[in-house]
Amino acid sequence: NDDARATIGLTGLATMGRNLARNIARNGHTIAVHNRTTSKMTALIDEFGDEGDFVGCESLEDLVAAVERPRAIVIMVKAGEATDAVVDELVPLLDEGDIVVDAGNAHYRDTLRRQEALEEKGLHFVGMGVSGGEEGALNGPSIMVGGSDHAYEVLQPVVESIAADVDGTPCCAHIGHDGAGHFVKMVHNGIEYADMQLIAESYDLLRSVAGMTPAEVADVFEEWNGGDLESFLIEMTADVLRHTDAETGEPFVDVVRDAAEQKGTGRWTVQDALDLGVPITGIAEATFARSLSGHTEQRAAAREMFSTTPEEVDVDRDSFVDQVRAALYASKVVAYAQGFDQIAAGAEERGWDIDLGEVATIWRGGCIIRAQFLDRIREAYADEPDLTTLLTTPYFAEAVTDGVDAWREVIVAAVRGGVPTPAFSSSLAYFDGLRRDRLPAALIQALRDDFGAHTYERVDREGTFHTRWAEEG
Ligand code: ATR
């Protein structure tokens, strides 16, 4: 088709799709754009047509016809049934070697299923995780691509030019085949849940135990952002805590209903970790904490029944701030170590060749969890690609060792003061569990052998043993 002059096509022009399309156009690529409801397409071109070379298409047929072969068509619609509907409509219009890219927040299992179906038809299906929200989509997200080598070769110039850039390195990578990109994006979101929960617990402690105002806590976060904790979320926390509600003049955080919602990627991460047998306690507790916050009736009932306030905890404000910082950092190290464990285990299970150092590298910019800290993780994997756990690498080991006393103190204060810190506490329990000489798992094995003849191993001899409990008494 002689009219085919676009490098890439994109269908689905809601906020994310529209921003991604503008980002692609602004970087000099001709892009064909389409939306089921045509008005969104015309609105994009009316408002932003001068930002680059857009080809407006009123049908999927027009969209396909507008793109150079091998065609790359990006789908950015509501995840789930809508994606399947668009894929089904698109497939008969394509030719062998063409590439369908799902840039939505799909579950990696759906991506695996779609990839298999398209491969049978000689097409390439790419699951592309895009992180960074609306702003990232427009100005440079972190992009995790899962798909064939051929597909990545075709997409690479566009993807590299639209991704965030850190020190000259674009925040995008070919993570692996089929579902690998969406899998890594899922764990990224899980880590984001843990990061936010740890921040929320820190804020609660500073306010409830140290008696600080939101504005004072904002100052603390701003200061923390100048050190090891420097990150987008810490910076944003300072902004949010300083914000006052225009209507009431109250701290903004006090007028927001305290029930956290979720779109499901945290839950997916935890479900997947259970299947893999990887303890991602930080992410799991963060996900459950959101659930708990939403159980309004149970909370009201419990508040009424157990209204007595626990004792006032007396802390020195300045030293407590330092202790909370150390606890936050150590817990964050644990949450990331767990998330990277899950990526390694998922890669092993599904045959993806995922470079963990590269994952850390492309999360340094563009995405919600972008942080200075990720450079440390990148370095750790550069030094030792087959790392057993991030926790024991020199830099992180030092942070945890230096911080562990403070970490314990903070949790003691939280427990005494009745301030829930599920992510702090479970991260410390995970650390103590790993470093413990002997675990009570020995007792669990003995019990299992007693009631179910499940057998056990011994510390002093090779082999598998069963004790005749009834006879031996
Ligand atoms: P939002 O992101 O604003 O919440 P959404 O309902 O998630 O919106 O839909 C996002 C995009 O998916 C929109 O471009 C939407 O197309 P319309 O503008 O025509 O609503 C698109 N979309 C949703 N379901 C679709 C389907 N079955 N087929 C094609 N596009 C669909």
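Naming follows an unreviewed UniProt entry, where the protein chain appears as 6-phosphogluconate dehydrogenase, decarboxylating of Nocardioides hwasunensis. What the UniProt record of the protein chain gives under Pathway (unreviewed entry) is the line "Carbohydrate degradation; pentose phosphate pathway; D-ribulose 5-phosphate from D-glucose 6-phosphate (oxidative stage): step 3/3." In its Function (unreviewed entry) section, the UniProt entry covering the protein chain states "Catalyzes the oxidative decarboxylation of 6-phosphogluconate to ribulose 5-phosphate and CO(2), with concomitant reduction of NADP to NADPH."

Draft legend 1. Region of the structure containing the overall build of the protein chain. In terms of regular secondary structure, the protein chain is built from 21 helices and 10 strands. Over its C-alpha atoms the protein chain spans a radius of gyration of 25 Å, differing by no more than 12% from the 23 Å that the globule rule assigns to 473 residues. Counting the 473 residues in the protein chain, one finds 50% classified as buried. The contacts of the protein chain with a sequence gap of at least 6 include a subset with a gap of at least 24, amounting to 69%. As displayed, the protein chain has an accessible area near 23,100 Å², and 47% of this comes from carbon and sulfur atoms. Charge separation in the protein chain, taken as the distance between the mean sites of 39 positive and 84 negative side-chain charges, equals 4 Å.

Draft legend 2. Layout of the pattern of salt bridges. All chains considered together, the criterion is met by 26 salt bridges. For the salt bridge of D53 with R5, the shortest nitrogen-to-oxygen distance reads 2.8 Å. Of this pair, D53 sits in the loop between helix 2 (38-48) and strand 3 (54-56) while R5 sits in the segment before strand 1 (8-11), and the two are 48 residues apart along the sequence. Taking the relative accessible area as the measure of exposure, R5 reaches 41% and is therefore partly exposed. As a salt-bridge pair, D84 and R114 come within 2.8 Å of each other at their nearest N and O atoms. Of this pair, D84 sits in helix 4 (residues 81-90) while R114 sits in helix 5 (residues 108-120); the two residues are 30 residues apart in sequence, bridging distant segments of the chain. When salt bridges that share partners are traced, they join D84, D102, D110, R113 and R114 into one network.

Draft legend 3. Expanded view of the packing of aromatic side chains. For the coordinates displayed, the defined rule picks out 12 aromatic pairs. Ring geometry for Y336 and F373: centres 4.8 Å apart, planes at 75°, overall edge-to-face. In this pair, Y336 is assigned in helix 15 (residues 317-350) and F373 in helix 17 (residues 373-383), connecting sequence segments 37 residues apart. Pair check on accessibility: Y336 and F373 agree, each one buried. Among the aromatic side chains, those forming a connected cluster through ring pairs are Y329, Y336, F373, Y395 and F396. Above the face of the F373 ring, K332 is positioned so that its terminal group lies 5.0 Å from the ring centre.

Draft legend 4. Expanded view of a negative patch on the surface. Taken together, the side chains of E223, E312, D314, D316, D318 and D322 present a region of like negative charge at the surface. Mapped onto the elements of the fold, D314 is located in the loop between helix 14 (296-305) and helix 15. For D314, a relative accessible area of 79% corresponds to the exposed category.

Draft legend 5. Highlighting a nonpolar patch on the surface. A cluster of nonpolar side chains, M236, V240, F252, V255 and V256, forms an exposed patch at the surface whose accessible area comes to about 360 Å². Where the nonpolar patch is concerned, the elements lending two or more residues are helix 10 (232-242) and helix 11 (252-255). Secondary-structure assignment places M236 in helix 10. Since its relative accessible area comes to 36%, M236 is described here as partly exposed.

Draft legend 6. Seen up close, the side chain of R114. Given a relative accessible area of 3%, R114 falls into the buried group. For R114, the side chain forms a polar contact with the side chain of D84, separated by 2.8 Å. Those residues in contact with R114 that lie beyond four places of it in its chain are G80, T83, D84, D102, A106 and F125.

Draft legend 7. Structural context of the pairing of strand 4 (residues 72-75). Burial of strand 4 is two-sided: the residues A72 and V74 facing one way and the residues I73 and I75 facing the other way are all buried. Of the strand pairs in this sheet, strand 1 and strand 4 are connected by three bridges, and their pairing is parallel. Across the sheet, the residue bridging to L10 is V74, located in strand 4. Across four bridges, the pairing between strand 4 and strand 5 (residues 99-102) is parallel.

Draft legend 8. The site of the ligand, seen in detail. Within the structure, the ligand sits among G12, L13, A14, N35, R36, T37, K40, V77, K78, A82 and V86. Within the side chain of R36, a nitrogen or oxygen atom sits 3.0 Å from an oxygen atom of the ligand. Isolated, the ligand exposes 620 Å² of accessible area, and the fraction of that covered by the protein chains is 66%. Its residues placed into classes, the shell around the ligand shows five nonpolar, three polar and three charged.

Scoring rules and cut-offs
- Residues numbered from 1 in each chain as written.
- Predicted model: local features only at pLDDT ≥ 70, side-chain atom pairs only at ≥ 80, totals over all residues.
- Heavy atoms only, no water.
- UniProt positions renumbered as here; feature names shortened; annotations may be inferred.
- Helix = DSSP H or I, 4+ residues; strand = E, 2+ residues; numbered from the N terminus.
- Rg over C-alpha atoms; globule rule 2.2 N^0.38 Å.
- Buried < 20%, exposed > 50% of the residue type's maximum accessible area, 1.4 Å probe, protein only.
- Contact = heavy atoms within 4.5 Å.
- Areas by Shrake-Rupley, 256 points an atom, 1.4 Å probe, with all protein chains shown as cover.
- Lys, Arg positive; Asp, Glu negative; His and termini not counted.
- Charge placed at Lys NZ, Arg CZ, Asp CG, Glu CD.
- Salt bridge = Lys/Arg side-chain N within 4 Å of Asp/Glu carboxyl O.
- Phe/Tyr/Trp six-rings, centres within 6.5 Å; stacked < 30°, edge-to-face > 60°.
- Lys NZ or Arg CZ within 6 Å of the ring centre and 35° of its normal.
- Patch = residues over 30% accessible without salt bridge, like charges linked within 9 Å, V, L, I, M, F, W, Y side chains within 5 Å.
- Polar contact = N/O pair within 3.5 Å; in protein donor to acceptor, adjacent residues only side chain to side chain.
- Pairing = 2+ DSSP bridges.
- Near = heavy atom within 4 Å.
- Nonpolar A, V, L, I, M, F, W, Y, C, P; charged D, E, K, R; others polar.

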